[in-house]
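# Fold and geometry: a report
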Amino acid sequence: MQLEIMPKKKRLSAGRVPLILFLCQMISALDVPLDLVQPPTITQQSPKDYIVDPRENIVIQCEAQGKPPPSFSWTQNGTHFDIDKDPLVTMKAGSGTLIINIMSEGKAETYEGVYQCTARNERGAAISNNIVVRPSRSPLWTKEKLEPITLRSGQSLVLPCRPPIGLPPAIIFWMDNSFQRLPQSERVSQGLNGDLYFSNVLPEDSREDYICYARFNHTQTIQQKQPISVKVILVDELNDTIAANLSDTEVYGAKSSRERPPTFLTPQGNASNKEELRGNVLSLECIAEGLPTPIIYWIKEDGTLPINRTFYRNFQKTLQITQVSEADSGKYQCIAKNALGVIHHTISVTVKAAPYWIMAPQNLVLSPGEDGALICRANGNPKPRISWLSNGVPIEIAPDDPSRKINGDTIIFSSVQERSSAVYQCNASNEYGYLLGNAFVNVLAEPPRILTSENTLYQVIANRPALLDCAFFGSPLPTIEWFKGTKGSALREDTYVLHENGTLEIPVAQKDSTGTYTCVARNKLGMAKNEVHLEIKDPTRIIKQPEYAVVQRGSTVSFECKVKHDHTLIPTVIWLKDNGELPSDGRFTVDKDQLVVADVSDNDGGTYTCLANTTLDNVSASAVLSVVDVPNPPFDLELTDQLDKSVQLSWTPGDDNNSPITKFIIEYEDAMHEAGLWHHQTEVPGTQTTAQLKLSPYVNYSFRVMAENSLGRSLPSEASEQYLTKAAEPDKNPMTVEGLGSEPDNLVITWQPLNGFESNGPGLQYKVSWRQKDGDDEWTSVVVANVSKYIVSGTPTFVPYLIKVQALNDVGFAPEPAVIMGHSGEDLPMVAPGNVHVTVVNSTLAEVHWDPVPLKSVRGHLQGYRIYYWTDQNSSKRNRRHIEKKILTFQGSKTHGMLPGLEPFSHYTLNVRVVNGKGEGPASPDRVFHTPEGVPSAPSSLKIVNPTLDSLTLEWDPPSHPNGILTEYTLKYQPINSTHELGPLVDLKIPANKTRWTLKNLNFSTRYKFYFYAQTSAGSGSQITEEAVTTVDEAMASRQVDIATQGWFIGLMCAVALLILILLIVCFIRRNKGGKYPVKEKEDAHPDPEIQPMKEDDGTFGEYSDAEDHKPLKKGSRTPSDRTVKKEDSDDSLVDYGEGVNGQFNEDGSFIGQYSGKKEKEPAEGNESSEAPSPVNAMNSFV
């Protein structure tokens, strides 16, 4: 058995008396084990009111238990029912259940009646309730002719249903011929009696198929009433002919079709009564007619309506109170109200009650000589009468028992004996029903027995109550004690709760509550005990709960739920949405600790719950998901208060998608002038659903509305209806009016035309007026079509004119326009600027001055003066056809200007011209000026050629821009050492006519940096830099490179090798020479010609040479002979020197490595490893 949690265990108090459970035998209701002798007990029976399906067999249930097993008998309508005489009736084996086989033959009506079952054994008899068996009935409607109903619009109407009386009562509903339910509302609704009520009728209520249906659920049949035809006509439609042939009585009802205050259709009058039985549903109904449709309200006059049991049905026309009790009796008032009046109806409710148990009689087990009592208490309205039976026989005529005494609703037993065993029935009845309770008295002498299974394991969550069962039986009634552990004392009630049924309760179980508990039952006949085991588990907790989320539609959201649990329990985690299952949708993914919802939609919003279950407990945590998005478009746009220049627009906001609407944007379309193009009209706050809009005349308006929230703007609403405003005269004139001549003798007047929206009416034209500003002429006017310019011809050149352009249409003129000034066409200026003179500021800047020309000679708008200037370098340039001229323009009426960016030491010519809108005037006489010398640019190039051991030659090209006469060149240079440090700077002046210069007495193998620039009388120009390196000793470099390939060197090496070979032969002979005896001398003097070649070929010579000569020679070859080589690894190749100058070559391809330079540096820098190898080393390398 799985129980719940367990808190701390309090220590048992020492010295307390053990808790012994004494239970009062008078209220004992112990179950007698079935292996002991006991009277019968009814365990199952059919309901008191038993409605059966006449198409199926009738089964009347009666099940009972007892020891010995009981036998069964039946009565029908108060007399013995002999089932053996009826072949259709059988009794189920081992029970008293009757089966009446009416499916093969017979009728259910034959067996309609009141049945009662009796179960009997040697200890007594138990009886069932009186079971009233009735077959269900679903009768047809009686045939009737229903006349069509014709009535005026606004009248009330009641369509009667009057279904046939069936068993059980039918369920009523109204449909049409297509089996579609008829729509119901506050105006049209169905009453509790099944009739269809119309508070007032409308033309759309006209139809020929109002059909009432009755559904009989027990037989699963539906019966149909004849269709009713209703025709609703408007009063205006009644022509004289119809009025003449149709009297008032032929029209349904007599009430006026005009607006009227409410009256009740049901119930009738001002007051009524209602009676209901306790425990049922109280249904009160009020249906009123009237025009406009009345609204129903409910109140209780002498109290308030119960909050949790009150429900309103049928558009508040029905008040229902569930589980009604006597406290719900009282006066209830329904109120019907419309704009023309209010009426009331009071319903007095009385709640009666069939008998109900206060204390039903309980089975009583007594041991011989004990006392006891049976108690039977019931209540009802009216008060029920209590009567007793013994073994199914009224106790007044039952066999006498001296041990019992009847006292109203109680039977008292004293000193019972075994013969006192019997079954007693208590009957409580009033006019609304009865209760029948069976309770036996069983006299037994039995030692205690424990019915709970041995070694039952209870698993409980910590900090929750633990309940350990100890079901027991014994007669006399045993006492119960509980112990913990093998040697524990009896558990006391200050920490534990011991229940009458033997259960031990630990109110707050904790870890130390774990253990073995023993239940001991004792009576005078013996003792029994049983052990159970308790384990305490850690509670399941959610340590990471899902969190509230707000996401936009279409995005992805995840909820996290991490669970901690007892290691011996296996949890299962499920996710719920709004306390139901997750949608079966692939968008919902449940991972280990996560719920992920992809592509979120509006329907996904709600409460998501993580539910963690184990076999012992469950925990949950919830989070709300709000799906937000831009609002849905507004709808139901309506135009009201339509005036000439304003209209009111109202709309219904769309769903805000969980993000409040902040504003509405209203746009309009002009279908007449700019169809399909929407313009911004206005904006209103999000709390506003109407807007007063200003309108322009002669526009065919349509409006649309968009809603905006924090996420963005909705789609536009559907366009409103079109609204065409009346035409009016223009309320504005064209903008940007200008008067400019395109020719010397005309005036071109232009303006920006009004658009169609601004025209305010048909026939848009323009009245163009002009006159000379300084003359006395009258205005000249012309009306032109909807164009944007007008040309006035024959005007004087560049004369000021006053101009105005006025809009007009078929309705009238716009307001008087503003007057603007314009000018007729310009012509080229007639006069050149005079008194032009130039002031040279420096070698690159000059200032030009001139006198202004008379304004009349400009013949146009003075735009400024323009200077043309160019250089005259030589006569050949002057003779060229094209001379490059530069232009500078000075705006306005300036009379001087600066010429920047001139070339120094140059001859310039310039002239000045006046400029107007037409073009340039004649040029002023040319003026010549000269710029002084400036500093030259850098020499064009600098090259270092022919490097030697101590000299470098520099070649250069003069500056491309000498900017004067060159006076000299300046050359500065300084050495750079191996650490890139600069040495002393040498300054050298070179004549200006030189382009080549050789520097001598330089250090060999040294890098130099050169700075070179030219000078004029104005100063020094920009410098150019270069670097170069002097070479090493060429002779030494040549010897080092070529010694190994010279013929004399090869010959010398061959001679040395031959000399060594001879010395080796001599040494060999002397070493092998014997003593001075003749044979030896003879051998020496006359060597054997056959043996000698063998000595040369036997290989010993080669071995000797290798061992004794070549190896020492190689070893000695590393010893320097002239002390020019100081390390064994100093035999560098020529390539090593080439790297010292980065592989530089002259222009002719010759190498300029620093061989000698490295050698000279050795004493100063100590770079011994970099010196060249000696000839001896070269020879050794060759060998």
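Residues numbered from 1 in each chain as written. Predicted model: local features only at pLDDT ≥ 70, side-chain atom pairs only at ≥ 80, totals over all residues. Heavy atoms only, no water.

The chain appears in an unreviewed UniProt entry as Neuronal cell adhesion molecule from Myotis myotis. Note on the chain: under the UniProt heading Sequence similarities (unreviewed entry), the record states "Belongs to the immunoglobulin superfamily. L1/neurofascin/NgCAM family." You can read under Subcellular location (unreviewed entry) in the UniProt record for the chain the words "Cell membrane". (UniProt positions renumbered as here; feature names shortened; annotations may be inferred.)

## Looking at the sheet that holds strand 73 (residues 845-851)
Strands sit in the order 72-73-76 across an open sheet of three strands; the sheet is antiparallel. Bordering the open sheet on either side are strand 72 (834-842) and strand 76 (896-899), each of which pairs with just one other strand. The sheet shows a mean angle of 20° between the axes of neighbouring strands, taken without regard to direction. Across four bridges, strand 73 lies against strand 76 in antiparallel orientation. Bridging across to strand 76, Val848 finds its partner in Gly897. (Pairing = 2+ DSSP bridges. Helix = DSSP H or I, 4+ residues; strand = E, 2+ residues; numbered from the N terminus. Axes fitted to C-alpha atoms, helices over the stretch in contact; angles between N-to-C directions.)

## A closer look at the state of the cysteines
Two cysteines, two sulfur atoms, one covalent bond between them: this is a disulfide. Under the definition given, this model contains six disulfides. A disulfide bridge connects Cys286 with Cys334, and the sulfur atoms are separated by 1.9 Å. With the S-S dihedral at roughly -70°, the linkage between Cys286 and Cys334 falls on the left-handed side. Placement of Cys286 in the loop between strand 22 (282-285) and strand 23 (287-291) and of Cys334 in strand 27 (residues 330-338) is noted, with a sequence separation of 48 residues between them. In this structure, Cys286 and Cys334 share a single accessibility class: buried. A sulfur-sulfur separation of 1.6 Å characterises the disulfide bridge that pairs Cys376 with Cys426. (Disulfide = S-S within 2.5 Å. Buried < 20%, exposed > 50% of the residue type's maximum accessible area, 1.4 Å probe, protein only.)

## Brief notes about the packing of aromatic side chains
Per the counting criterion, the structure on display carries 23 aromatic pairs. The interplanar angle of 90° and the centroid separation of 6.2 Å between the aromatic rings of Tyr701 and Phe757 together place this pair among those described as edge-to-face. Note that Tyr701 is positioned in strand 62 (residues 700-709) and Phe757 in helix 2 (residues 756-759), a separation of 56 residues in sequence. A relative accessible area of 1% means that Tyr701 is categorised as buried. A centroid spacing of 6.5 Å and a plane angle of 35° characterise the contact between Tyr1008 and Phe1010, whose relative ring orientation is tilted. The burial state of Tyr1008 is the same as that of Phe1010; both residues are buried. (Phe/Tyr/Trp six-rings, centres within 6.5 Å; stacked < 30°, edge-to-face > 60°.)

## Quick look at the sheet that holds strand 25 (residues 310-313)
The strand order across the open sheet built from three strands is 22-26-25, with neighbouring strands paired in antiparallel fashion. The open sheet has two edge strands, strand 22 and strand 25, and neither has a second partner. The average undirected angle you get between the axes of adjacent strands in this sheet is 20°. Two elements, strand 25 and strand 26 (residues 318-321), share four bridges in a ladder whose sense is antiparallel.

## Here's the deal with unusual backbone geometry
Here the bond from Leu167 into Pro168 is cis, since omega is -10°, no more than 30 degrees from zero. Within the element layout of this structure, Pro168 appears in the loop between strand 13 (157-159) and strand 14 (171-175). Residue Asn381 is joined to Pro382 through a cis peptide bond whose omega torsion reads 5°. On the secondary structure map, Pro382 appears in the loop between strand 31 (377-381) and strand 32 (385-390). Phi angles above zero are rare outside glycine, and Asn391 is one such case at about 55°. Relative to the helices and strands, Asn391 is located in the loop between strand 32 and strand 33 (393-394). Its identity as a non-glycine residue notwithstanding, Thr736 has a phi of 50°, on the positive side. Residue class for Thr736 comes out exposed when judged on its relative accessible area of 52%.

## A short note on the pattern of salt bridges
Scanning the entire structure with this criterion turns up 34 salt bridges. Among the ionic pairs, Glu481 bridges to Arg522, the shortest N-O distance being 2.5 Å. Of this pair, Glu481 sits in strand 42 (residues 479-484) while Arg522 sits in strand 45 (residues 515-523); the two residues are 41 residues apart in sequence, bridging distant segments of the chain. The salt bridge partner of Lys663 is Glu683, with a shortest N-O separation of 3.2 Å. In this pair, Lys663 sits in strand 59 (residues 663-670) while Glu683 sits in strand 60 (residues 674-685), placing the two residues 20 residues apart along the sequence. One network of salt bridges, with partners in common, ties together Lys663, Glu683, Glu708 and Arg713. (Salt bridge = Lys/Arg side-chain N within 4 Å of Asp/Glu carboxyl O.)

## Some details on the environment of Gly825
Position of Gly825 among the secondary structure elements: in the loop between strand 71 (820-823) and strand 72. For Gly825, a relative accessible area of 0% corresponds to the buried category. Between the alpha carbons of Gly825 and Arg859 there is a distance of 8.9 Å; along the sequence they are 34 residues apart. When near neighbours in sequence (up to four residues on either side) are disregarded, Gly825 contacts Gly741, Glu743, Pro744, Asn746, Thr797 and Phe798. (Contact = heavy atoms within 4.5 Å.)

## What to know about helix 6 (residues 1047-1072)
With 26 residues, helix 6 ought to run about 38 Å at 1.5 Å a step, and its terminal C-alpha atoms sit 38 Å apart, in line with that. By the burial criterion, the buried members of helix 6 are Phe1049, Met1053 and Leu1064. (Expected span 1.5 Å × (residues − 1).)

## Description of the environment of Asn733
Among the secondary structure elements, Asn733 is positioned in the loop between strand 64 (723-724) and strand 65 (735-740). For Asn733, a relative accessible area of 11% corresponds to the buried category. Separated by 83 residues in sequence, Asn733 and Glu816 have C-alpha atoms that sit 8.2 Å apart. Polar contacts involving the side chain of Asn733 include one to the main-chain amide nitrogen of Ala807, which spans 2.8 Å. Within polar-contact distance, the side chain of Asn733 engages the backbone oxygen of Pro815 at 2.7 Å. (Polar contact = N/O pair within 3.5 Å; in protein donor to acceptor, adjacent residues only side chain to side chain.)

## Remarks on the UniProt feature "transmembrane region" (unreviewed entry) in the chain
Those residues carrying the UniProt feature "transmembrane region" (unreviewed entry) are residues 1048-1069 in this numbering. Secondary structure across residues 1048-1069 comprises 100% helix and 0% strand; the distance between its end C-alpha atoms is 32 Å.

## Details of the pairing of strand 60
By the bridge criterion, eight bridges tie strand 59 to strand 60 in an arrangement that is antiparallel. The residue of strand 60 that forms the bridge with Ile665 is Glu683. The antiparallel pairing of strand 59 with strand 60 creates a hairpin that spans three residues between the two strands.

## Examining the nonpolar core
The biggest cluster of nonpolar side chains holds 31 residues, and the ones touching the most others in it are Ile58, Ile60, Trp74, Ile100, Tyr111, Tyr115 and Val133. Counting only elements with at least two residues in this core, the list comes to strand 2 (49-52), strand 3 (58-60), strand 4 (62-67), strand 5 (71-76), strand 8 (98-100), strand 9 (113-121) and strand 11 (131-135). Other than its neighbours up to four places away in sequence, Ile100 contacts Asn57, Ile58, Ile60, Leu88, Val89, Tyr111 and Tyr115. Among the nonpolar cores identified, the runner-up in size contains 24 residues, and Ala462, Leu468, Ala521 and Leu534 belong to it. (Core = buried A, V, L, I, M, F, W, Y, C linked by side-chain atoms within 4.5 Å.)

## Comments concerning the pairing of strand 30 (residues 372-375)
Alternating residues of strand 30 divide into Gly372 and Leu374 and Ala373 and Ile375, and every residue in both groups is buried. Bridge count for strand 30 against strand 35 (residues 410-413) is four bridges, and the pairing is antiparallel. Bridge pairing links Leu374 to Ile411 in strand 35.

## Looking at the confidence of the model for the chain
Looking at the chain as a whole, its pLDDT mean stands at 84, while 84% of the residues score no less than 70. Contacts for the low-pLDDT stretch residues 246-255, under 50 throughout, to residues beyond four places or in other chains number 22 contacts. (pLDDT = per-residue confidence, 0-100.)

## What to know about a nonpolar patch on the surface
Residues Leu1058, Leu1061, Ile1062, Ile1065, Val1066 and Ile1069 make up a contiguous nonpolar surface patch of roughly 500 Å² in combined accessible area. Here Ile1065 falls in the partly exposed class, since its relative accessible area comes to 38%. (Patch = residues over 30% accessible without salt bridge, like charges linked within 9 Å, V, L, I, M, F, W, Y side chains within 5 Å. Areas by Shrake-Rupley, 256 points an atom, 1.4 Å probe, with all protein chains shown as cover.)

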